[in-house]
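Inside the fold
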Amino acid sequence: MAQPKNPARKPGGLTRAQRLTKRAEFDSILQDADIQLTRYPVRLVAKANSLEFARLGMTVAKKNVRMAVDRNRVKRLLREWFRANKEHFRSYDVVLSVREYVRPGDPLKAALEKVLQAWDQRVNTSDT
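Just so you know, these numbers come straight off a predicted model, no measurement behind them. (Residues numbered from 1 in each chain as written. Predicted model: local features only at pLDDT ≥ 70, side-chain atom pairs only at ≥ 80, totals over all residues. Heavy atoms only, no water.)

Quick look at the nonpolar core
Quick note on the threshold: The definition of a nonpolar core used throughout is a set of buried Ala, Val, Leu, Ile, Met, Phe, Trp, Tyr and Cys residues joined through side-chain atoms within 4.5 Å. Between buried and exposed lies partly exposed: a residue is buried under 20% and exposed over 50% of the maximum accessible area for its type, with that area taken using a 1.4 Å probe on protein chains only. Note on conventions: DSSP H or I runs of at least 4 residues are helices, E runs of at least 2 residues are strands, and numbering of each starts at the N terminus. Note on contacts: a residue pair is in contact if any heavy atoms of the two residues lie within 4.5 Å.
Ranked by internal contacts, the top residues of the largest apolar core, which has 29 residues, are L44, W81, F89 and W119. Broken down by secondary-structure element, the contributors of at least two residues to this core are β1 (35-39), β2 (42-48), β3 (55-60), α2 (68-84), β4 (92-98) and α3 (106-127). It is α3 that provides the largest number of residues to this core, a total of 8 residues. Apart from residues no more than four positions distant in its own chain, W119 is found in contact with I35, L37, L44, A46, H88, F89 and Y92. The next biggest cluster of nonpolar side chains, apart from the first, holds 5 residues, and it includes L20, F26, V45 and V95.

Description of the pairing of β1
Operational definition: Pairing between strands is defined by DSSP: at least two bridges between the two strands are required.
One ladder, built from 5 bridges, connects β1 with β2; its direction is antiparallel. By the bridge assignment for β2, I35 is matched with A46. If you look at the hairpin formed by β1 and β2, you'll find 2 residues sitting between the two strands.

Here we look at the side chain of R43
Defined as follows: Residues counted as positive are Lys and Arg, residues counted as negative are Asp and Glu, and His and the chain ends are not counted. For this document, the term salt bridge refers to a Lys or Arg side-chain nitrogen within 4 Å of an Asp or Glu carboxyl oxygen.
Counting through the fold element by element, R43 comes out in strand β2. Buried and without a salt bridge, R43 has D27 as its closest oppositely charged side chain, separated by 11 Å. Contact partners of R43, with chain neighbours within four places excluded, come to Q36, L37, T38, V95, L96, S97 and R99.

Observations concerning the side chain of R55
Here is the rule: The definition of a polar contact used here is a pair of N or O atoms within 3.5 Å, where within protein one atom must be able to donate a hydrogen and the other to accept one, and adjacent residues in sequence count solely through side-chain atom pairs.
Summarising the element assignment, R55 is placed in strand β3. The class of R55 is buried, set by a relative accessible area of 15%. Among the polar contacts made by the side chain of R55, one reaches the side chain of D93 at a distance of 2.8 Å. When residues no more than four places from it in sequence are discounted, the contact partners of R55 are A17, Q18, L20, E25, N49, F82, Y92, D93 and V94.

Observations regarding the environment of F82
One can find F82 in helix α2. By relative accessible area, F82 is classed as buried at 1%. Residues F82 and A54, spaced 28 residues apart in sequence, show a C-alpha to C-alpha distance of 9.4 Å. Dropping the residues within four chain positions of it, F82 is found in contact with L14, A54, R55, L56, F89 and V94.

Observations regarding unusual backbone geometry
Look at the link from Y40 to P41: it is a cis peptide, with omega at -5 degrees. With respect to the element layout, P41 can be found in the loop between β1 and β2.

As structure tokens, this is what we get:
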């Protein structure tokens, strides 16, 4: 039986290619965004890329979510949401930000669903 290369990594997780890791990538998206959506407390900023898949970047500031446990949980929820809905984002680079403190859980999930609905409306109207 072959052991996986990284046993801590979950199957179906985001690969390094699917993540935004460099400050220049974040700055480029935030300055020249094609789509900006805000649904309290989540902000989504997206820019089309030339790749065949979507990439995710996240910003959850300590100023906005003080406890490290809460920050990590918020980031985990954002990653899970993105993985579950990545077919909606096709070939966009997406930056998700949590702007103000919110306990991770139902308010955050509800805001993410509202962002997804707004995204679908925006993208579907621009495609036709």
